[in-house]
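The lines below spell out each chain.
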Amino acid sequence: MLTFSFHNPTRIHFGEETIKTIADEIPVSAKVLIVFGGGSIKKNGIYDQVVAALSAHDFVEFSGIEPNPQYDTLMKSLDIIRRHEVDYLLAVGGGSVVDGTKFIAAAALYEGEEHWDILAKQQSIKRALPMGVVLTLPATGSESNAGGVVTRDGNKLPFFSPLVRPQFAVLDPATSLSLSDRQIGNGVIDAFVHTMEQYLTYNVNAKVQERFSEGLLQTLIEEGPRALAAESKDDIDVRANIMWSATMALNGLIGAGVPQDWTTHMIGHELTAAHGIDHARTLSIVLPAVMKIRRESKRGKLMQYAERVWNITHGDEEYRIDRAIELTEEFFTHMGMPTRLSQVALDSRHIDNLVDKLQQHGMVKLGEHREVTLEVSRQILEAAL
Ligand code: NZQ
Ligand code: ZN
């Protein structure tokens, strides 16, 4: 196992009717900014629950954060924060709202001249407003991690700081009942691929992390289809298992002490930035291609994945690995996700630009061995056609 330090201070309130706990989490003396997206929370009653819980607090609102949050939108909040002397942020939404709120938390107290440098130059964040989260879409794990992703002019860039990790996150699985099938599929597959990026690397004898990861993958394989099936769509236990899996997949636990890959995500971000494809739909296209092109360096873990996640215990090595990749693709398809670029109307003519963008963003040595050069990324994109 690799050396690690692990500290995740985000307090989780999990279960039905837990939105009311925000009243005790946010100091009553705080001036709160409620941050949300395009309005889903007004249709499904979550907004009303938040406002009822904050009846003793003083708050203002900022809305309109779009999926894949845009820098220019987020910057508009700074004026409201200054005018109302906001000192606490509450994100109510999915990963985009949470990531956007993290950026706002840092931007509000940023002392540099150009806020975009937080992303473009990975300027270290020295101060940030405190924030909490009411999560409405289980997927990204952003509610209890220290990262975010923001887009500007076709550049979708990540940033990290322990200062933007939420102080608390409310995970009420009932909030996810109003999700469309498309968003359910996206969420399950995002969590699945987060687990894979930290699992499908090489062996460092980290048994706890491996078995946690295999448990998360199997839970998502079991529960994902149930969240889409008519007879179990409203089953709150199904939603609870998905929600907790998504948080656990990217809260630092399974990634501590193990090598990590993230090739699928970095190539995926370019697909979203250039072509507007939903985050998780880029992952369902890229991951199978990564498994194929990096088959030799991932051989040991592919064999373990085949046996422990898909119960493939017969046939020779090549057969087992082929079958595991096939079953992964079938699972993605079952969840309504594309697995080829052709399914999102892209072809070989688009690859040059995607590779150029990877180069511009410094993504030239990806993967657990840093062996995914631009040439290997090109092979991965070609394998995904
Ligand atoms: O904007 P509203 O009206 O809220 O609608 C949203 C949005 O249209 C809707 N939605 C959310 N909760 C709902 C709901 N609709 C009905 N009922 C509900 N309960 O769903 C749509 C998509 O929301 P979004 O927040 O964009 O989805 P997701 O949670 O998948 O977040 C994706 C973003 O997170 C980033 C992605 O790159 C992308 O920008 N990620 C963040 C990570 C992190 N911080 O650790 C890691 C991930 O790998 C990912 O990169
Ligand atoms: Zn993701």
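Cut-offs and rules
- Residues numbered from 1 in each chain as written.
- Chains lettered and ligands numbered in written order.
- Predicted model: local features only at pLDDT ≥ 70, side-chain atom pairs only at ≥ 80, totals over all residues.
- Heavy atoms only, no water.
- Helix = DSSP H or I, 4+ residues; strand = E, 2+ residues; numbered from the N terminus.
- Expected span 1.5 Å × (residues − 1).
- Buried < 20%, exposed > 50% of the residue type's maximum accessible area, 1.4 Å probe, protein only.
- Contact = heavy atoms within 4.5 Å.
- Near = heavy atom within 4 Å.
- Polar contact = N/O pair within 3.5 Å; in protein donor to acceptor, adjacent residues only side chain to side chain.
- Areas by Shrake-Rupley, 256 points an atom, 1.4 Å probe, with all protein chains shown as cover.
- Domains from an automatic or database assignment.
- Axes fitted to C-alpha atoms, helices over the stretch in contact; angles between N-to-C directions.
- Parallel < 35°, antiparallel > 145°, perpendicular 65-115°, else oblique.
- Left-handed = near helix turned anticlockwise from the far one by under 90°.
- Pairing = 2+ DSSP bridges.
- Salt bridge = Lys/Arg side-chain N within 4 Å of Asp/Glu carboxyl O.
- Buried area = accessible area lost by both parts, 1.4 Å probe.
- Nonpolar A, V, L, I, M, F, W, Y, C, P; charged D, E, K, R; others polar.
- Phe/Tyr/Trp six-rings, centres within 6.5 Å; stacked < 30°, edge-to-face > 60°.
- Lys NZ or Arg CZ within 6 Å of the ring centre and 35° of its normal.

Quick look at helix α8 (residues 181-199) now. Here α8 spans 27 Å end to end across 19 residues, near enough to the 27 Å set by a 1.5 Å rise per residue. For α8, the tally of buried residues reaches 16 of 19 residues, placing the bulk of the element in the interior.

Let's shift gears to the environment of Lys31. With respect to the element layout, Lys31 can be found in strand β2 (residues 31-36). A relative accessible area of 17% places Lys31 in the buried class. When the C-alpha positions of Lys31 and Leu341 are compared, they lie 46 Å apart, and in sequence the two are 310 residues distant. With near-sequence residues (within four places) excluded, Lys31 lies in contact with Asp58, Val60, His84, Glu85, Val86, Asp87 and Tyr88.

Moving on: the site of ligand 1. Neighbouring ligand 1 are 32 residues, the closest being Gly95, Ser96, Asp99, Thr136 and Lys156. Ser40 places a side-chain nitrogen or oxygen 2.8 Å from an oxygen atom of ligand 1. The separation between an oxygen atom of ligand 1 and a polar side-chain atom of His265 is 2.9 Å. Burial of ligand 1 by the surrounding chains reaches 88%, relative to a free accessible area of 960 Å². For the shell around ligand 1, the secondary structure elements donating two or more residues are α6 (95-108), β6 (147-152), α8 and α11 (263-275). Counting the residues that make up the shell around ligand 1, at least three belong to each of domain 1 (11-175) and domain 2 (184-383).

Right, let's get into the packing of helix α13 (residues 299-308) against helix α14 (residues 317-334). It is the contact of α13 with α14, at a shortest axis distance of 9 Å, that shows an interaxial angle of 65 degrees. Classified by the interaxial angle, the pair formed by α13 and α14 is roughly perpendicular. Between α13 and α14 the crossing geometry is left-handed. Here Arg299, Leu302, Met303, Tyr305, Ala306 and Glu307 of α13 come into contact with α14, specifically with Glu317, Glu318, Arg320, Ile321, Ala324 and Thr328.

The next point concerns the sheet that holds β2. Across the sheet, which stays open at both edges, the six strands sit in the order β1-β8-β5-β4-β2-β3 with parallel pairing between neighbours. Because the sheet does not close on itself, it has two edges, and the strands there are β1 (11-14) and β3 (58-62). Going from strand to strand, the sheet's axes swing by 20 degrees on average, the running direction of each strand aside. In this sheet, strand β8 (residues 168-171) lies alongside β1 in parallel orientation, the contact comprising four bridges. Residue pairing across strands places Phe14 opposite Leu171, the latter belonging to β8. Lying on the sheet, helix α3 (residues 46-53) is in contact with β2, β3, β4 (88-93) and β5 (131-135); it crosses β4 at an angle near 155 degrees. Along the sheet, α6 contacts β2, β3, β4 and β5; its crossing angle with β4, the most-contacted strand, is approximately 165 degrees.

Another aspect to go through is the pattern of salt bridges. Overall, the coordinates contain 26 salt bridges when judged by the stated rule. For Asp181, the salt bridge is made with Lys233, and the minimal N-O distance between the two is 2.6 Å. Placement of Asp181 in helix α8 and of Lys233 in the loop between α9 (207-228) and α10 (236-249) is noted, with a sequence separation of 52 residues between them. Judged by relative accessible area, Lys233 falls into the partly exposed class, the value being 24%. The salt bridge involving Lys298 is made with Glu368; its shortest N-O contact spans 2.9 Å. Linking Lys298 in the loop between α12 (279-293) and α13 with Glu368 in the loop between α15 (351-360) and α16 (374-383), this pair joins segments that are 70 residues apart in sequence. The exposure class of Glu368 is buried, given its relative accessible area of 10%. Three or more residues joined by partner-sharing salt bridges are found here, namely Arg295, Glu296, Arg299, Glu317, Glu318 and Asp322.

Here we come to the domain arrangement of the chain. According to the domain assignment, the chain contains domain 1 (11-175) and domain 2 (184-383). Between domain 1 and domain 2, the C-alpha centre-to-centre distance is 27 Å. Counting residues at the interface gives 24 residues for domain 1, matched by 21 residues for domain 2. Here domain 1 and domain 2 share an interface that buries about 1,800 Å² over both sides, 66% of which is from carbon and sulfur atoms. At the junction of domain 1 with domain 2, the criterion picks out zero salt bridges. Put simply, domain 1 and domain 2 have three residue pairs in polar contact (both at pLDDT 80 or more) between them. Counting residues per element, the ones that place at least two in the side of domain 1 that touches domain 2 are β1 and β7 (155-160). Counting residues per element, the side of domain 1 that touches domain 2 draws most heavily on β7, at three residues. Along the lines of polarity and charge, the residues of the side of domain 1 that touches domain 2 split into 11 nonpolar, eight polar and five charged.

With that settled, consider the packing of aromatic side chains. All chains considered together, the criterion is met by nine aromatic pairs. Ring geometry for Phe192 against Phe331: centres 5.3 Å apart, planes inclined by 55 degrees, an arrangement best described as tilted. Placement of the pair is Phe192 in helix α8 and Phe331 in helix α14, with a sequence separation of 139 residues. Judged on exposure class, the residue Phe192 and its partner Phe331 are both buried. One aromatic cluster in this structure is built from Tyr71, Phe103, Trp116 and Phe159. Sitting over the face of the ring of Tyr47, Lys42 holds its NZ or CZ atom 4.5 Å from the ring centroid. Over the ring of Tyr199 we find Lys301, and its NZ or CZ is 5.0 Å from the ring centre.

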